[in-house]
Amino acid sequence: MNNRIKKLREQSVNTKPFISTERALLLTQFYKSPKAKKVSIPVKRALAFKYILENKKININEGELIVGERGPSPRATPTYPEINTHSLKDLDILNSRKKTSYSVSPEVKTLYKKEIIPFWRGQSIRERIFNEVSEQWKDAYEAGVFTEFMEQRAPGHTVLDDKIYKKGFVDFKNDIQKSLGQLDLLNDPEAFYKKQELRAMAIAADGLMILAKRYSEKAKKMAKKETDKQRKKELQKISEICSHVPAHAPRNFWEALQHYWFVHLGVITELNGWDSFNPGRLDQHLYPFYKKQIDEKSLTKEDAKELLEAFWIKFNNQPAPPKVGVTAEESGTYTDFALINIGGVKTDGTDGVNELSYLILDVIEEMRILQPSSMVQISKKGPDSFLNKALKIIKTGFGQPSVFNTDVIIQELLRQGKSIEDARDGGASGCVETGAFGKENYTLTGYFNMPKVLEITLNNGFDPRTGKKIGLETGDPSDFTDFQELVNAFGKQLKHFIDIKIEGNNIIERLYAEYIPAPFLSILISDCIKNGKDYHEGGARYNTTYIQGVGLGTMTDCMTSLKYNVFDKKIISMKKLLQALRNNFKQQENLRQRLINKTPKYGNDDDYADENLKIIFDIYYQAVNGRPNTKGGQYRINLLPTTVHIYFGRVTGATPNGRKASAPLSEGISPTQGADIQGPTAVLKSASKIDHAKTGGTLLNQKFNPQLFDDEGIDKLMQLIRSYFSMDAHHIQINVVSADTLRRAQINPEEYKNLIVRVAGYSDYFCDLNEELQNEIISRTEQAKV
Amino acid sequence: MKGIIFDIKKYAIHDGPGIRTTVFLKGCPLHCWWCHNPEGQSLEKEIFYNPEKCLDDCTDCIAACPYQAITKDNTGIAINKNKCKLSGECAEACPTTALKVIGRRISADELLKEIEKDQIFYKNSKGGVTFSGGEPLVQVEFLDSALERCCRQDIHTVVDTCGYTSFENFEKIMDKVDLFLYDLKMMDEEKHIETTGASNQLILDNLKKLGKSGKKINIRIPLIPEVNDSNENAQKTARFLRSIPGINIINLLPYHKAGNQKYLNLKRKTKNIQPVPEIKIKNLQKIYEKFGFSVKIGG
């Protein structure tokens, strides 16, 4: 890392995220203007977008090569009052909470009080959602049966393909014009809507080009004043680049990066969509530019690396939009989940690993930065040297990159009906979510707490925490005569709550389509232009809605425990076990220990337990998969938790696997913390017993001691991963930090500010995690020692 | 027929090539005082007690024992060895695994089922199964039938042996073993008797014969402070090994204290000694290298 990058990196890492009202104020100004009242909603959204980009503060930071910030300066974090109008109390919480806080200045509070709250209160999406959903939905939400992704952030969950490297926004506008020209006002009842939407897209395209022009002019002015010769030249170059992209397709490596960056800024300014946005298969997209310039000798490897590192810092400058309440619990992190994909296969199915894939690994290793996150796609055709190099970075212990199975990602996409080319161009984003990049709206709608549903089943429809009846009366479990009856009752209860969730989703998806269309994002995702439809309206080629199952390990161990101890071995009666759960095992520690130590557990390649894994998986899959969403697409499942397993654990009482009330649930498809005692091969065997290809992503976390990472150890680890993938598994992430180090960090956070660990599908600063999660990671790590 | 084993360890990556499953057979003719698998020495089942895991107000084991062999005070439980018949009910009843029976009778077919579970990992990593102990050749019939089943499944086999057995036993299994890990403690016979309870003559003779038979052998030398960490022993050993064909590599395995807890749990005494210093280990490595061997520290 050279000095320039070092400085920029330090600036980014050391600046605390702070709330900026710039966007909120400009948006409010525009919404109040007479013009806003005269136009359709899509056009209004596009004009507001353009207005923000025309008027926001722009700056070029010292030494920067890639320019553009979402806010007025690095680490500024805008708010999106049209979605969630933060109250003054919210702002206080954001400012003062222990973890992932955002500085809120007194001026911000004043502006909120005077300008923002009075205008938006009552019409934010968050308020509309809670007004529209049913009482049943609210009961389940409050009980912690599920979370709701869209109550504070817009549906995003999408990633770009290579189209922007072939087209500029002038070209996109031509496409929009063509689509407008083909509207059939005579026969198409939607033609008027489509016309509004397409006009909105054209306005949004103008907005982004205006922003770039402003940067071009700014750079030009700065260049004139600049006395340092080299910097002067750089600024002139920046000015030239910004006058070309994003209006036109990029011509070289630098332009390609700047082009993407403008697009990224557009997407994250328009809305606070989940998982920010993401260039996707970066090594594939940039390789043609890289190769050409390296061959022509107009770019060195060092130049390319510097530009990539400058690009990396831009991601880190944009913390996740501030989240509060349950949404902060489910995703308590500054990271905004841009997940750079490298490796994989090309559209024609041949190996995609290239020179740039390795160079990007170098960048990841040098930067050691929270954002962007990174992953390697490992296909069976990919070279071992690529996986080997990735593992050497993983060994250094900051949780990146994570490791994905290209061949199964493709299977998953094909099963969902994507074309083979679109499947090969896809990958994983966010934590582990599979998508057809550039062509799919794949929205994650919320986490689903399976063990909570079991708890409600075991209490015949009641939530013991509140005493409220929120589920179906599926029978008193003490009357069940066999295990199958229990399975049936659980299946019914789960389906009931999935129905409630989907009913809610149907409302929420429409609220976004009606009130908050995203014309800018719609330009980027095929085939919104061709269809003349917004991203939220089903304009994309593929439209998938996900409900993310959580606690599969806990759930499996609970069912296994009930089967083993109550029905098969008759060690304890259902009645007595339920009593023990209600008492949180008070004075029954030996029973609890028996449930923990003397009962088969998932993660040990033991079919007795793993059969129940398959049963639970199947119940969840059947309840969700294939059901229609509001966008012409279908529901699918995936299995990941971000940080919600802590929150879900907190709202769930003691469970039949010996887990005490409020303790965390298992995460992803990982075994219950501490339950896997047969080593990693057994965990991988167990985890491969579910059909990963029927999901849109599974998350498996495995801890390894640093000692296992000598050269020979890495080789064996590589074979371990290859073996897991040959059993058609989706993903594995590896944490290599010793428990002692983590404990020291907990005591002296100041000394371990830089310690990044893998949480669940993403990495985070250990010291930014709440204490419960820290303890959970320590206990997971201890387990790895055995 | 059934054998008795005391552990099966998966993802064993230091007991031969690739990813392996190591099966620990119970029973050993030697009694090296540094042994870090003391629970592998006896051919019989044993009771393992870890007071740290014992719950204060739990008496499940006492209630379960049909022979009234267990009593409990504030330091934990005590087992009256005269009354105990090793029936294992106590361990079965213990909720925390504070009490464990060491030693499980298992048939070769059952064992194979366990070994086969990780076939996919063996295949990808060119790994397989390692039989260790204890001394696996103590149960030569059982070992032989397990090996035979592995060969049928095309699973790569390693036998980790101390060499103290009749050569007929080696001959019996030789064809079914792809690689031997052969432990060699020291050349001095008296010291060998003193520290392991047996002469090294048979061990050295067997190694010579095994070498001649064309088998692949890795030599494993535990480095025990003040027992076999002298340069002199290294030179003698190296000279001896030079005459043996088929040696791939010499593994130097420095003594570590990891086994100490097990002695406590077996209610046996252990010596308090410090590991061999690293610089000394490097010196020993150089000696073996001078004789043309490739040497690795660790397994």
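Predicted model, so just to flag it, every value in this text is computed and none were measured.

Q: How should I be thinking about the overall build of chain B in this particular structure?
A: Summing up its helical and strand segments, chain B has 11 helices and 13 strands in all. Computed over C-alpha atoms, the radius of gyration of chain B comes to 20 Å, within 12% of the 19 Å expected from 2.2 N^0.38 for 299 residues, which places it in the range of a compact globule. By principal-axis analysis of the C-alpha atoms, chain B measures approximately 60 × 45 × 35 Å. When each of the 299 residues of chain B is scored for burial, the buried share is 41%.

Q: Explanation requested: the overall build of chain A in the structure shown.
A: A count of helical and extended segments in chain A gives 32 helices and 16 strands. In terms of overall size, chain A behaves like a compact globule, its C-alpha atoms giving a radius of gyration of 26 Å where 786 residues would be expected to give roughly 28 Å. Once the C-alpha set of chain A is aligned to its principal axes, its extents read approximately 85 × 60 × 55 Å. In chain A, buried positions account for 60% of the 786 residues. The contacts of chain A with a sequence gap of at least 6 include a subset with a gap of at least 24, amounting to 78%.

Q: Please explain the environment of Phe315(A) as it appears in this structure.
A: All names here are of chain A. Tracing the sequence through the fold places Phe315 in helix α14 (residues 301-316). Classification of Phe315 by C-beta neighbours within 10 Å gives buried; the count is 24. For Phe315 and Ile369, which are 54 residues apart along the polypeptide, the C-alpha to C-alpha distance reads 9.6 Å. Those residues within four positions of Phe315 in sequence are excluded, and the remaining contacts are Ala338, Gln371 and Pro372.

Q: Could you clarify how one ought to interpret the sheet that holds strand β1 (residues 2-12) of chain B in this entry?
A: In a beta sheet, neighbouring strands pair by backbone hydrogen bonds and run either parallel or antiparallel. All names here are of chain B. Across the sheet, nine strands lie side by side as β7-β1-β2-β8-β9-β10-β11-β12-β13; this open sheet has mixed pairing. The sheet is open, and its two borders are formed by β7 (104-107) and β13 (295-297), each paired with just one other strand. Neighbour to neighbour, the strand axes of the sheet diverge by 30° on average, direction disregarded. Of the pairings in the sheet, the one linking strand β9 (residues 156-161) to strand β10 (residues 179-183) comprises four bridges and is parallel in character. Bridge pairing links Val159 to Phe180 in β10.

Q: Help me understand helix α2 (residues 22-32) of chain A, please; the structure alone is not making it clear to me.
A: For an α-helix, 3.6 residues make a turn, and residues three or four places apart therefore share a direction. Within α2(A) the residues assigned to the buried category are Arg23(A), Ala24(A), Leu25(A), Leu26(A), Leu27(A), Thr28(A) and Phe30(A). Tucked into the core, α2(A) has its buried residues touching α3 (34-38), α4 (41-55), β2 (76-78), α6 (106-120) and α12 (253-270) of chain A.

Q: Would you take a moment to explain helix α25 (residues 574-582) of chain A for this structure?
A: Residue and element names in this part refer to chain A. Those residues of α25 that fall on the buried side of the exposure criterion are Leu577, Ala580 and Leu581. Buried residues of α25 fall within an arc of 100° about the axis and therefore sit on the same side. Remark: Asn584 follows α25 within two positions and exhibits a positive phi of approximately 55°.

Q: Is there a simple way to think about the sheet that holds strand β3 (residues 339-343) of chain A in this case?
A: Residue and element names in this part refer to chain A. The five strands lie next to each other as β3-β4-β5-β14-β13, forming an open sheet whose pairing is mixed. Two strands close off the open sheet at either side, each with one partner strand: β3 and β13 (701-703). Strand after strand, the sheet turns through a mean of 30° between neighbouring axes, direction not considered.

Q: Explain the pairing of strand β5 (residues 402-405) of chain A here, please?
A: On any regular strand, side chains alternate: one points to one face of the sheet, the next to the other face. Residues and elements named next belong to chain A. Neither face of β5 is left uncovered, since the one carrying Ser402 and Phe404 and the one carrying Val403 and Asn405 both have all their residues buried. Relative to β5, strand β4 (residues 373-378) runs parallel, the two sharing four bridges. By the bridge assignment for β5, Ile378 is matched with Asn405. Each parallel crossover has a hand, and for β4 linked through helix α17 (residues 384-395) to β5 it is right-handed. In this sheet, strand β14 (residues 731-735) lies alongside β5 in antiparallel orientation, the contact comprising two bridges.

Q: Help me understand the nonpolar core in this model?
A: In summary, soluble globular proteins display a tendency toward joint burial of nonpolar side chains. With 289 residues, the main nonpolar core has Ala204(A) and Ile616(A) as its most contacted residues. Those residues in contact with Ile616(A) that lie beyond four places of it in its chain are Met450(A), Leu552(A), Met555(A), Thr556(A) and Met559(A).

Q: Honestly, the interface of chain B and chain A in this entry has me stumped. Any pointers?
A: How big an interface is tends to be stated in terms of accessible area lost as the parts join. Contact with chain B, which involves 17 residues of that partner, is made by 21 residues of chain A. Among the elements of the structure, β1 and α4 (119-125) of chain B are those that each provide at least two residues to the side of chain B that touches chain A. At four residues, the largest contribution of residues to the side of chain B that touches chain A is made by α4(B). Class assignment of the residues belonging to the side of chain B that touches chain A gives a composition of eight nonpolar, five polar and four charged.

Q: Looking at this structure, I do not really get the pairing of strand β4 (residues 70-73) of chain B. What am I missing?
A: All names here are of chain B. As judged from the four bridges shared by β4 and strand β5 (residues 76-79), these two strands associate in the antiparallel manner. In the sheet register, Thr71 faces β5, and the bridge partner there is Ala78. Counting the residues between successive antiparallel strands, the hairpin from β4 to β5 contains two residues.

Q: What is the right way to look at the confidence of the model for chain B in this model?
A: Note that predicted coordinates carrying low pLDDT should not be read in detail. For chain B, the mean per-residue pLDDT works out to 93, and 98% of the residues sit at or above 70. The ipTM value of the predicted complex is 0.95, and its pTM value is 0.94.

Q: Help me understand unusual backbone geometry, please; the structure alone is not making it clear to me.
A: Across residues other than glycine, the phi torsion is negative in most instances, and most of the peptide bonds are trans. All names here are of chain A. Following Gln371, the chain continues into Pro372 via a peptide bond in cis, with omega recorded as -5°. Along the chain, the position of Pro372 falls in the loop between α16 (355-367) and β4. Geometrically, the link from Ser526 to Asp527 is a cis peptide bond, its omega value of 0° lying close to zero. Among the secondary structure elements, Asp527 is positioned in the loop between α22 (519-524) and α23 (528-531).

Q: Honestly, the environment of Gly352(A) in this entry has me stumped. Any pointers?
A: Residue and element names in this part refer to chain A. With respect to the helices and strands, the residue Gly352 is situated in the loop between β3 and α16. With 26 C-beta atoms counted inside 10 Å, the residue Gly352 sits in the buried group. For the pair Gly352 and Ser379, spaced 27 residues apart in sequence, the C-alpha to C-alpha distance is 8.9 Å. Apart from the residues within four sequence positions on either side, Gly352 is in contact with Gln284, Gly343, Gly344, Val345 and Lys346.

Q: Would you explain the packing of α14(A) against α16(A) in this entry?
A: In helix packing, the relevant descriptors are the interaxial angle and the interaxial distance, both defined with respect to the helix axes. All names here are of chain A. At a closest axis distance of 10 Å, the pairing of α14 and α16 adopts a crossing angle of 50°. Taken together, α14 and α16 sit at an angle that is classed as oblique. α16 is crossed by α14, and the crossing has right-handed handedness. Touching Lys301, Ala304, Lys305, Leu308, Glu309 and Trp312 of α14 are Leu359, Ile360, Asp362, Val363, Glu366 and Met367, all from α16. Tallied by class, residues from the contact of α14 with α16 come to seven nonpolar, no polar and five charged.

Cut-offs used in this document
- Residues numbered from 1 in each chain as written.
- Chains lettered and ligands numbered in written order.
- Predicted model: local features only at pLDDT ≥ 70, side-chain atom pairs only at ≥ 80, totals over all residues.
- Helix = DSSP H or I, 4+ residues; strand = E, 2+ residues; numbered from the N terminus.
- Rg over C-alpha atoms; globule rule 2.2 N^0.38 Å.
- Buried ≥ 20, exposed ≤ 12 C-beta atoms within 10 Å, placed from the backbone.
- Contact = placed C-beta atoms within 7 Å.
- Pairing = 2+ DSSP bridges.
- Axes fitted to C-alpha atoms, helices over the stretch in contact; angles between N-to-C directions.
- Arc of directions from axis to C-beta.
- Right-handed = clockwise from strand over helix to strand, strands pointing away.
- Core = buried A, V, L, I, M, F, W, Y, C linked by C-beta atoms within 7 Å.
- Nonpolar A, V, L, I, M, F, W, Y, C, P; charged D, E, K, R; others polar.
- pLDDT = per-residue confidence, 0-100.
- Parallel < 35°, antiparallel > 145°, perpendicular 65-115°, else oblique.
- Left-handed = near helix turned anticlockwise from the far one by under 90°.

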